[in-house]
Amino acid sequence: MLFIDLIQETYIALTTNKVRSGLTMLGIVIGIASVIAMIAVGQGAQKSVEDRIQSIGSNLLMIRPGAARSPGQTVSQGQGSSTSLSLEDADAIGREIDGLSAVAPSVSGNYQVVADGSNTRTSVTGTLPAYAAVRNVSMDSGSFFTEAHDARRAKVAVIGPDVRDELFPDETDLTGKKIRINGIDFTVLGLTATKGGSGMDSSDDVVYVPLSTAMQYLTGSDSLSMISVTVSDQALMDQASADISSLLFERHGLSDSDTADFRVMNQSDIVETASSVTETFTLLLGAVAGISLVVGGIGIMNMMLTTVTERTREIGLRKAIGAKGRDIRKQFLVESVALTFLGGVVGIGVGWLTATLLTKFASVSTSVSTSSVVLSFGVSAGIGILFGYYPARRAARLNPIEALRYE
Amino acid sequence: MIECRNISKIYRNGDNETVALDGASFSVRDGEFLAIMGPSGSGKSTLMNVLGLLDSPSSGTYFLDGRDVSVLSEDELAEIRIRKIGFVFQSFNLLPRTSVMRNVMLPLIYEGVPHARRSELAEEALRAVEFPESRWNHLSNQLSGGQMQRVAIARALVNAPSLILADEPTGNLDTKTGELVMAAFRKLNLEKGHTVILITHEHDIARYADRIITVRDGRIVSDFPNRDVRSA
Ligand SMILES: Nc1ncnc2c1ncn2[C@@H]1O[C@H](COP(=O)(O)OP(=O)(O)OP(=O)(O)O)[C@@H](O)[C@H]1O
Ligand SMILES: [Mg+2]
């Protein structure tokens, strides 16, 4: 039997009962579409988490005050509540640790910010100009403050786009505007570019002021909330992290890690943790969608079994004329693979469309990857073979005479 | 060359036993034209199924071209059926909802004959049984009984098999069409030397054959040459 004949037979068989073929295919379409869409949602989440973490800065180490939590220990004193990190620590890190390209100490707190009668409560970060480079802060307009501003405790501020939206919704040029933070007047130097992100952690809902200004007028203390460090080379991250820890141990007069009063966080660890969470999420979504694919496959098997029974006489005739068992098996196998293959193609289209619509109308970030498309193709063809095999084998084994007598 | 030795076929249905064939022995030379007659239920179709390699006897041996067919695999039997045997079933057995053309071509499809050649052969076979050309593309379930029978015969003839087995091929045909079909069988038999075995109830039809076998209760009760062979 020629391949083209096989295709022709399949076409005739599937178009003879269009409604049934269509409904059976629908099961596969839904299965594949949900696999594609769910994996797209999962991978979209993964990608946006990774992007956000990357946007904080690359090769970044963050040193925060507070007790190191050993695994299993659930009670902590609250992050940043301790007053263990000082500006001298930051200077020492910059001076004594090799392989660092920038060090940016910072303090932060939430304050009421007022301008022109509008007011908002936002996070105010006091830091040094190096912060802009370390944390990937770029300017939309105006400029970041300089060392000179810090040296003379200038009351100047750089504001984030979210704060601008609250305080100066209609203004384009902010330079020179006045804002009041905690009752003290500051002059706006510039506006930072949008970084995205939302919720508490938004790097857009923030006001930057010089570190010494913040210490004097806002926090009234010498302790730092964080020291952000950029390591010059990815490969040196672990070394730098260890060096910083031992330096701080020494400076704080500590002897072992149980009593550490600071934490060094490695950005790549954060990325890894976050992506392992989203990977699990993707896997879970994929598994749920996979179940509907299996249900679709069972639908195929059901239809093929019905078809074999209905066409018993026909199969008997074909075998009586001289069709071999393998000809019959191929015919039914190609029929079920054709169903799943077509269902797969349509399903990929529908899944992709669903993902696109989700992004567009529900602003869920999605990402349809080639691998998930290839995977679904393979899986749907595989399902055709898997669930078509048993009915096809049953058809192939029919005895021609008994099949011809079948009523 | 067909040789049957002591062939029996017993159908068992629970406690019920039906002896459809009871020790039939005979042989058929290549190029013979044989008619099998006998009352209803005497085992003619059963015999035909055995000869056509569709069914195996309960006991006895069947040699086809000198080979004991009981040792052949399913695939080997299918191969012989497709290449050597043309079967006309008592109940036509056409593919439902399929065009006349495609029905006739079916054996060619499984034989792997190229497309272009297929329609040529199918048209030839349909012309031989005088099937009206206007209906070649009709679906098989839109035909009259006689038309179906002619399609079934065309299908059996299409790949010029060396052994034609026809179970009451003229049962649904009027005298004139019946004679036409017999003429087609006779022609194949005389011109190409193909063996024809046909079952019939009609003495008129049996008279085309060189030899007539009569079956009763699964046994061969008479087997003699036909002295006045009717010419086509
Ligand atoms: N599958 C079967 N199971 C049980 N008994 C069967 C089966 N097939 C045939 N028989 C029996 O075998 C006997 C012979 O049947 P067969 O079909 O060979 O008769 P026939 O000579 O072709 O009759 P007719 O002229 O009516 O076609 C009958 O008694 C029939 O009931
Ligand atoms: Mg019969």
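Please read these numbers as outputs of a predicted model, since none were measured by experiment.

Peer 1: Where do I start with the overall build of chain A in this structure?
Peer 2: If you tally the helices and strands in chain A, you get 13 helices and ten strands. Taking 22 Å as the expected radius of gyration for a compact globule of 407 residues, we find that chain A reaches 33 Å, considerably beyond that expectation. Dimensions of chain A, computed from the C-alpha atoms along their principal axes, are close to 105 × 55 × 35 Å. The 407 residues of chain A split such that 46% are buried.

Peer 1: Help me out: how do you make sense of the nonpolar core in this one?
Peer 2: Side chains that are nonpolar tend, in soluble globular proteins, to be buried together. Residues Ile2(B), Leu51(B), Tyr62(B) and Ile197(B) are the most contacted members of the largest nonpolar core, which totals 65 residues. Within the second largest apolar cluster, 45 residues are counted, among which are Ile93(A), Ile159(A), Ile184(A) and Val231(A).

Peer 1: Whenever I open this one, the packing of aromatic side chains confuses me. Can you help?
Peer 2: Two aromatic rings, taken as a pair, are described by how far apart their centres are and by the angle between their planes. A complete count under the given rule lists six aromatic pairs over all chains for this structure. Centroid distance Phe144(A) to Tyr208(A): 5.7 Å. Interplanar angle 50 degrees. Geometry classified as tilted. You can see Phe144(A) sitting in the loop between strand S4 (139-142) and helix H5 (147-151) and its partner Tyr208(A) sitting in strand S8 (residues 206-210), a full 64 residues away along the chain. We note that Phe144(A), like Tyr208(A), is buried. A ring pair is formed by Phe87(B) and Phe89(B), whose centres lie 4.7 Å apart and whose planes are at 10 degrees; its orientation type is stacked. The buried category is assigned to Phe87(B), whose relative accessible area is 9%. When its relative accessible area of 6% is taken as the criterion, Phe89(B) is described as buried. Ring pairing ties together the aromatic residues Tyr131(A), Phe144(A), Phe145(A) and Tyr208(A), which thus form one cluster. One Lys or Arg, Lys155(A), reaches over the ring of Tyr217(A) and ends 4.9 Å from the middle of that ring.

Peer 1: What is the right way to look at the coordination of the magnesium ion (ligand 2) in this model?
Peer 2: Put simply, a metal with four donors set out as a tetrahedron has ideal angles of 109.5 degrees, and one with six donors set out as an octahedron has ideal angles of 90 or 180 degrees. All names here are of chain B. In the first shell of the magnesium ion (ligand 2), the protein supplies Ser45 (OG) and Gln90 (OE1), at 1.9 to 2.4 Å from the metal. Taken together, the residues serine 45 in helix H1 (residues 44-51) and glutamine 90 in the loop between strand S6 (85-88) and helix H3 (100-111) connect sequence positions 45 residues apart. Among the residues examined, serine 45 registers a relative accessible area of 25% and is labelled partly exposed.

Peer 1: Before we go on, may I ask you to explain the environment of Gln216(A) in this structure?
Peer 2: All names here are of chain A. By the element assignment, glutamine 216 lies in helix H7 (residues 211-219). With relative accessibility at 42%, the residue glutamine 216 sits in the partly exposed group. Spatially, the C-alpha atom of glutamine 216 lies 11 Å from that of isoleucine 184, the residues being 32 residues apart in sequence.

Peer 1: Hey, could you run me through the sheet that holds strand S10 (residues 219-225) of chain B in this one?
Peer 2: All names here are of chain B. One open sheet holds the six strands; their spatial order is S6-S7-S8-S3-S9-S10, and the pairing between them is mixed. The sheet terminates laterally at S6 and S10, the two strands that pair on one side only. Each adjacent strand pair in this sheet contributes to an overall mean axis angle of 15 degrees, direction not counted. By the bridge criterion, five bridges tie strand S7 (residues 163-167) to strand S8 (residues 195-199) in an arrangement that is parallel. Note on S8: the bridge partner recorded for leucine 165 is isoleucine 197. Against the sheet, helix H2 (residues 74-84) touches S6 and S7, its axis set at about 80 degrees to S6.

Peer 1: Honestly, the domain arrangement of chain A in this entry has me stumped. Any pointers?
Peer 2: Per the domain assignment, the segments making up chain A are domain 1 (3-52 + 273-404) and domain 2 (83-260). In this structure, domain 1 of chain A and domain 2 of chain A have C-alpha centres spaced 55 Å apart.

Peer 1: Would you mind going over the interface of chain A and chain B with me for this structure?
Peer 2: How big an interface is tends to be reported as the loss of accessible area on association of its parts. Taken together, the contacts link 27 residues of chain A with 25 residues of chain B. When residues of chain A are sorted by the area they lose upon contact with chain B, Leu317(A), Ile321(A) and Ile401(A) head the list and together hold 25% of the total. Run the count over chain A and chain B and you get five salt bridges. In this structure, Arg102(B) engages Glu9(A) in a salt bridge whose closest nitrogen and oxygen atoms are separated by 3.0 Å. The interface formed by chain A and chain B holds nine residue pairs in polar contact (both at pLDDT 80 or more) in total. For the side of chain A that touches chain B, the elements supplying multiple residues, two or more each, are helix H1 (3-16), helix H10 (312-321), helix H11 (325-362) and helix H13 (400-405) of chain A. For the side of chain A that touches chain B, the element with the highest residue contribution is H10(A), accounting for seven residues. For the side of chain A that touches chain B, the residue count by class is twelve nonpolar, five polar and ten charged.

Cut-offs and rules
Residues numbered from 1 in each chain as written. Chains lettered and ligands numbered in written order. Predicted model: local features only at pLDDT ≥ 70, side-chain atom pairs only at ≥ 80, totals over all residues. Heavy atoms only, no water. Helix = DSSP H or I, 4+ residues; strand = E, 2+ residues; numbered from the N terminus. Rg over C-alpha atoms; globule rule 2.2 N^0.38 Å. Buried < 20%, exposed > 50% of the residue type's maximum accessible area, 1.4 Å probe, protein only. Core = buried A, V, L, I, M, F, W, Y, C linked by side-chain atoms within 4.5 Å. Phe/Tyr/Trp six-rings, centres within 6.5 Å; stacked < 30°, edge-to-face > 60°. Lys NZ or Arg CZ within 6 Å of the ring centre and 35° of its normal. Donors = N, O, S within 2.8 Å, 3.2 Å for Na, K, Ca; no water. Pairing = 2+ DSSP bridges. Axes fitted to C-alpha atoms, helices over the stretch in contact; angles between N-to-C directions. Contact = heavy atoms within 4.5 Å. Domains from an automatic or database assignment. Buried area = accessible area lost by both parts, 1.4 Å probe. Salt bridge = Lys/Arg side-chain N within 4 Å of Asp/Glu carboxyl O. Polar contact = N/O pair within 3.5 Å; in protein donor to acceptor, adjacent residues only side chain to side chain. Nonpolar A, V, L, I, M, F, W, Y, C, P; charged D, E, K, R; others polar.

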